[in-house]
Amino acid sequence: MRIALSLRYFGPVASADISVRPLTIFIGPNGSGKSYTAMALYAFITGLVKAGMWPDVTCASYVASGRGWDAWVGEQRTLATQILEGEFARIFGTGLKELTTKGASSTEISLRVRRSEGIYRYVYRWPPANLQVEIPRCSKPELRKSLAHYWLLGFLQPVVYLPSSRSGLVQTYSFYVDLLLRMAEEVPIRGAGFQGLPGVVGDFLRLLIKPFKSESQLYTRFRDRVGIDVERRERSIVVRDARYESDVRSAPSGYAELAPLGLLLRYGVLKRGVLAVVEEPEAHIHPDMQVKVADLLADLAAEGIYFIITTHSDYILNRIGNIIRRAESRLKQNKVSVYVFKRADGGFAAQRLKTGPEGIPDDEFAKVYEELYREHIDLLYAYSEGRKLQS
């Protein structure tokens, strides 16, 4: 499966054309639209899943409708337009009008999914909200495969999102479990009103408390690479290394940061074919561990999990660059795409960086190094001149 996303005048992003590879990396300054782009893709996919128009379920949704092909596509397109509007509002916490780049008159988001049976195209524009679709007509093999997916629609999870706040959220696990158990004992709670959580935060917490499957073989990659073990118990999450074991609430911040990724790998939520968005995988962890995380992401991408990561870490970027340069590496250059978000007319634009024998260009970080080095030399010079005057 290959996915391509295009954005025009969406939030801070004036223009972005993203080809999603097994490992896709977004870099750039704060506020340049890296997370906005990742969240747009997440909202688009989850909305299409709910509308029954994601490739895994379109054929079964068509059969269940009992309608002719053209009539079904028209009705489903109208339904999906409404669902997508609600899904973008849920994920971003605001309406479509507020998501249009300031000064622009309209927004367009397009998604192309290439599969063995053909190409699926979705173009979502506003105002007014309108979805255009081009999807291959269902064949008998696809009908049989899609029917199996349809009955599991409530469990279908083609994309997961690990927000930048995940370490703090995973430490609230015990609180939410206790809250749900107490609510279950006291339901119905009349007159109780609850404020909804932001979309990606709520979805992430639901992943933590949903019933998990047995341990996945891919989890051994996590344990071997980062050297810690993560386990979910009845009312707690436990992390351990070779020295000690503790509840995640009292664990080192770096371990709490890595715990969600370990949990989703251990219990089979992250598996081959799933797209995982990971914001700032370097947060709260030492440069040595950042390198190990880069190794882990490369291993998992080579195993068939798709990753989009947003990062400010030159350690991660350079490590991935070294990995794809190795002759024996399973993660080749054509499996990695890197985009830098730079200021452009009307906002920011995503520019693809060329990867080659020299690895991944790190000019964005090099400019900061050069400025710091010049400042360091100036300070040394000023200090030396001061010493001369004093003597």
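Reading the values: rules and limits
- Residues numbered from 1 in each chain as written.
- Predicted model: local features only at pLDDT ≥ 70, side-chain atom pairs only at ≥ 80, totals over all residues.
- Heavy atoms only, no water.
- Pairing = 2+ DSSP bridges.
- Helix = DSSP H or I, 4+ residues; strand = E, 2+ residues; numbered from the N terminus.
- Axes fitted to C-alpha atoms, helices over the stretch in contact; angles between N-to-C directions.
- Patch = residues over 30% accessible without salt bridge, like charges linked within 9 Å, V, L, I, M, F, W, Y side chains within 5 Å.
- Areas by Shrake-Rupley, 256 points an atom, 1.4 Å probe, with all protein chains shown as cover.
- Salt bridge = Lys/Arg side-chain N within 4 Å of Asp/Glu carboxyl O.
- Phe/Tyr/Trp six-rings, centres within 6.5 Å; stacked < 30°, edge-to-face > 60°.
- Disulfide = S-S within 2.5 Å.
- Buried < 20%, exposed > 50% of the residue type's maximum accessible area, 1.4 Å probe, protein only.
- Expected span 1.5 Å × (residues − 1).
- Contact = heavy atoms within 4.5 Å.
- Polar contact = N/O pair within 3.5 Å; in protein donor to acceptor, adjacent residues only side chain to side chain.

### What about the sheet that holds strand β12 (residues 306–310)?
Moving on, step 1. The strand order β6-β5-β4-β1-β2-β14-β13-β3-β12-β11-β7 describes an open sheet built from 11 strands, whose pairing is mixed. Because the sheet does not close on itself, it has two edges, and the strands there are β6 (130–134) and β7 (159–162). With strand direction ignored, the average angle separating the axes of adjacent strands in the sheet is 15 degrees.
Moving on, step 2. Both strand β3 (residues 23–27) and strand β13 (residues 336–344) contribute to a ladder of five bridges, which runs parallel. Looking at the pairing, I27 lines up with V340 of β13.

### Overview of the sheet that holds strand β8 (residues 229–232)
Moving on, step 1. Pairing is antiparallel in the open sheet, where three strands are placed in the order β8-β9-β10. Each edge of the sheet is formed by a strand with only one pairing partner; in this case those strands are β8 and β10 (245–247). Going from strand to strand, the sheet's axes swing by 20 degrees on average, the running direction of each strand aside.
Moving on, step 2. Direction of pairing for strand β9 (residues 237–240) relative to β10: antiparallel, over a ladder of three bridges. Its bridge partner lying in β10, V239 is registered against S246.

### Digging into a nonpolar patch on the surface
Moving on, step 1. There is a patch of nonpolar side chains on the surface, built from Y373, I377 and L380 and spanning about 300 Å² of accessible area.
Moving on, step 2. Mapped onto the elements, Y373 comes out in helix α13 (residues 363–390).

### Observations concerning the packing of aromatic side chains
Moving on, step 1. Inspection of the entire model under this criterion finds 19 aromatic pairs.
Moving on, step 2. Residues F10 and Y36 carry aromatic rings whose centres are separated by 5.6 Å and whose planes lie at 55 degrees to one another, so their mutual orientation is tilted. Here F10, found in strand β1 (residues 2–10), pairs with Y36, found in helix α1 (residues 34–50); they are 26 residues apart in sequence, far enough to count as distant.
Moving on, step 3. Put simply, the rings of F10, Y36, F44, F88, F92, Y122, Y124 and W126 pair up and form one aromatic cluster.

### Describing the state of the cysteines
Moving on, step 1. Applying the stated criterion across every chain yields a total of one disulfide.
Moving on, step 2. Sulfur-sulfur distance for the disulfide between C59 and C138 comes to 2.2 Å. Judged by the torsion about the S-S bond (-105 degrees), the C59/C138 disulfide is left-handed. Here C59 is found in helix α2 (residues 58–65), whereas its partner C138 is found in the loop between β6 and α5 (140–151), with 79 residues between them in sequence. Accessibility classification places C59 together with C138 in one group, the buried group.

### Remarks on helix α11 (residues 287–302)
Moving on, step 1. Along its 16 residues, α11 runs 23 Å from first to last C-alpha, staying within 8% of the 22 Å computed at 1.5 Å per residue.
Moving on, step 2. The set of residues buried in α11 consists of M289, Q290, V293, A294, D295, L296, L297, A298, D299, L300 and A301.
Moving on, step 3. Here the buried face of α11 lies against β3, α9 (219–226), α10 (253–266), β12 and α12 (314–325).
Moving on, step 4. Of the residues flanking the end of α11, it is G304, one or two places downstream, whose phi is positive at about 115 degrees.

### What to know about the environment of Q76
Moving on, step 1. Along the polypeptide, Q76 turns up in helix α3 (residues 69–92).
Moving on, step 2. Remark: the alpha-carbon pair of Q76 and Y62, spanning 14 residues in sequence, is separated by 8.9 Å.
Moving on, step 3. Ignoring sequence-local partners within four residues, the contact set of Q76 consists of A51, G52, M53 and S61.
Moving on, step 4. A polar contact is formed between the side chain of Q76 and the side chain of S61, at a distance of 3.5 Å.

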